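Chain residues, written in single-letter form:
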Amino acid sequence: MKIDKSKEPAKLELRPGLEGVPVTQSSICDIDGIKGDLKYRGYSIAELAQKSSFLETTFLLIWGKLPTSKELREFEKEIQMHRRLSFRVRDMMKCFPESGHPMDALQSSAASLGLFYSRRATDNPKYIYDAVVRLIAKIPTMVAAFQLIRKGQDPIQPRDDLPYSANFLYMLTEKEPDPLEARVFDRCLILHAEHSLNASTFSARVTASTLTDPYAVIASAVGTLAGPLHGGANEDVIKMLEDIKSPDQAKNFLKAAIKNKQKIMGFGHREYKVKDPRATILQTFAEELFARFGKDEMYDIAKALEAEASPMLGPKGIFPNVDFYSGLVYRKLGIPKDLFTPIFAISRVAGWLAHWREQLSANRIFRPTQIYIGEGERTWKPLEDRSIN
Ligand code: ACO
């Protein structure tokens with residue numbers, strides 16, 4: 001709609017956090033926050049998590065349809081062929097401080113791909129396909145490489161005989177995972193792959209709308225995901241459960257937190273007013289792993305916290321979100337807690353790339369407005385005439 005600039009501007013209504021403000025149309029993902037329902041391209045998350053693979057779901061999200069077996073085989077093969085990192089990226093990563101957060105390492109490494117593949121042909125389907133393949137293939141290798149580098153080791157090369165998730169766990173832990181571990185991990189990636197216009201996806205779309213390269217799009221989304229109010233919460237959940245120490249302390253912890261207006265990490269969601277369906281599915285994954293490899297006492301603390309929180313926070317529509325149980329699954333897979341958010345990024349890159357393509361298909365640069373509340377016109381004073389205050 002064209003705005004008639006000759007007329008007085010309409011009174012602007014401030015919507016902090018853009019809550020409830022539609023800024024795009026999308027056909028990628030649908031959330032029913034009241035029923036607790038999530039669908040990717042019309043397919044229910046529960047069905048995908050049970051029957052699909054992460055790469056099939058990635059194909060679905062990005063190209064809008066389930067692949068044929070030939071398309072899937074080709075996509076998997078392409079990804080497998082592009083998993084390696086250039087020695088120059090590995091050498092660059094070796095210069096990162098080992099005490100740095102892996103999300104910062106990932107953001108920098110993802111952005112560096114723009115230096116190697118700098119052509120910006122965002123209207124060329126082959127360029128788009130190649131960028132998708134490269135990012136889906138290389139992001140896990142970057143996460144695993146930084147983990148070994150910060151331990152003083154050389155990164156290990158991907159193994160061509162291992163599928164996507166098994167290969168990532170192998171590169172990270174240096175041992176071939178049990179098939180159950182690889183399957184549970186792959187299903188976790190499916191659950192985290194897309195979630196409509198959350199902060200990092202919005203960030204990706206804003207960056208995409210300038211027609212910059214896809215590596216900058218993904219790097220900006222990774223930076224946004226890192227914050228504790230977004231993807232960074234999964235790491236903080238485990239720290240919180242460690243602080244609570246035992247299930248019988250959950251009630252006291254909760255009361256004190258609510259009294260001090262402190263947020264319970266892994267609880268609450270802008271879209272869901274019921275328990276996040278992904279949290280429920282993640283619980284079943286955690287239980288599958290515990291049944292096979294032994295229980296994690298922290299799961300009892302988490303369940304006690306959820307039970308105590310239900311009467312206190314439930315009436316406000318605050319329930320466990322996806323980050324509440326994911327860390328418990330990753331812990332059981334032997335993954336250090338500061339890698340939980342980078343793993344979220346490995347998965348969400350699928351959703352970000354789907355939104356990148358969608359943004360390009362009907363692009364208009366994002367440029368919202370503001371309500372200015374600063375000073376009126378002021379006269380500049382020379383330095384010597386300014387008072388201390
Ligand atoms: N614990 C306690 N109270 C909460 C929580 C929580 N986790 N979340 C929201 N509330 C309360 C707020 O204190 C506020 O109460 P008030 O109205 O009495 O002041 C009310 O619920 C609304 O909270 P907002 O922060 O305004 O809700 P918003 O929709 O902006 O925030 C968010 C959603 C950021 C996810 C919030 O629930 C939160 O900070 N949760 C903890 C962090 C977290 O788990 N983030 C991961 C989200 S999922 C994801 O990004 C992958």
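Here we summarise the structure given alongside this text.

Cut-offs and rules
Residues numbered from 1 in each chain as written. Predicted model: local features only at pLDDT ≥ 70, side-chain atom pairs only at ≥ 80, totals over all residues. Heavy atoms only, no water. Helix = DSSP H or I, 4+ residues; strand = E, 2+ residues; numbered from the N terminus. Rg over C-alpha atoms; globule rule 2.2 N^0.38 Å. Buried < 20%, exposed > 50% of the residue type's maximum accessible area, 1.4 Å probe, protein only. Contact = heavy atoms within 4.5 Å. Areas by Shrake-Rupley, 256 points an atom, 1.4 Å probe, with all protein chains shown as cover. Lys, Arg positive; Asp, Glu negative; His and termini not counted. Charge placed at Lys NZ, Arg CZ, Asp CG, Glu CD. Expected span 1.5 Å × (residues − 1). Core = buried A, V, L, I, M, F, W, Y, C linked by side-chain atoms within 4.5 Å. Domains from an automatic or database assignment. Polar contact = N/O pair within 3.5 Å; in protein donor to acceptor, adjacent residues only side chain to side chain. Near = heavy atom within 4 Å. Disulfide = S-S within 2.5 Å.

## Observations concerning the overall build of the protein
Here's step 1: Looking only at helices and strands, the protein has 16 helices and three strands in total.
Here's step 2: In terms of overall dimensions, the protein is globule-like: its C-alpha atoms have a radius of gyration of 23 Å, near the 21 Å expected for 389 residues.
Here's step 3: Viewed in the frame of its principal axes, the protein has a C-alpha envelope of about 70 × 55 × 50 Å.
Here's step 4: With 389 residues in all, the protein has 49% of them scored as buried.
Here's step 5: When contacts within the protein are restricted to residue pairs at least 6 apart in sequence, long-range pairs at least 24 apart make up 76% of them.
Here's step 6: Split by element, the accessible area of the protein, about 20000 Å² in all, is 53% carbon and sulfur.
Here's step 7: If you average the places of the 55 positive and of the 49 negative side-chain charges in the protein, the two averages end up 2 Å apart.

## Brief notes about helix H5 (residues 102–116)
Here's step 1: Taking 1.5 Å as the rise per residue, H5 with 15 residues should run 21 Å; its terminal C-alpha atoms sit 21 Å apart, in good agreement.
Here's step 2: Taken together, the buried positions of H5 are Pro-102, Met-103, Ala-105, Leu-106, Ser-109, Ala-110, Ser-112, Leu-113 and Gly-114.
Here's step 3: Contact partners of the buried residues in H5: helix H4 (87–94), helix H6 (125–150), helix H10 (214–225) and helix H16 (340–361).

## Considering the nonpolar core
Here's step 1: By size, the foremost hydrophobic cluster in this structure holds 116 residues, and its most contacted members are Met-240, Leu-241, Leu-305, Ile-335 and Trp-356.
Here's step 2: Ranked by residues supplied to this core, first place goes to H6 with 15 residues.
Here's step 3: Each of two domains, domain 1 (26–226 + 340–361) and domain 2 (233–332), supplies a minimum of three residues to this core.
Here's step 4: Leave out the neighbours within four places in its chain, and Leu-241 touches Met-298, Ile-301, Ala-302, Leu-305 and Leu-328.

## So, the side chain of Arg-278
Here's step 1: Along the polypeptide, Arg-278 turns up in helix H13 (residues 277–293).
Here's step 2: On the accessibility criterion, Arg-278 (1% relative accessible area) is buried.
Here's step 3: In this structure the side chain of Arg-278 is engaged in a polar contact, spanning 3.4 Å, whose partner is the side chain of His-195.
Here's step 4: At 2.7 Å, the side chain of Arg-278 and the side chain of Asp-276 are in polar contact.
Here's step 5: Arg-278 has contacts with Leu-38, Leu-191, His-195, His-269, Tyr-272, Val-322 and Arg-348, leaving out every residue within four places of it along the chain.

## Details of the site of the ligand
Here's step 1: Surveying the vicinity of the ligand reveals 18 residues, the closest of which are His-230, Lys-263, Ile-264, Phe-267 and Arg-270.
Here's step 2: In the environment of the ligand, an oxygen atom lies 2.8 Å from a nitrogen or oxygen atom belonging to the side chain of His-230.
Here's step 3: The separation between an oxygen atom of the ligand and a polar side-chain atom of Asn-321 is 3.0 Å.
Here's step 4: Notes on the ligand: free accessible area 920 Å², of which the protein chains cover 69%.

## Some remarks on the state of the cysteines
Here's step 1: Under the counting rule described, the total for this entry stands at zero disulfides.
Here's step 2: Cys-188 takes part in no disulfide bond, and the closest cysteine sulfur to it belongs to Cys-29, at a distance of 17 Å.
Here's step 3: The exposure class assigned to Cys-188 is buried, which follows from its relative accessible area of 0%.

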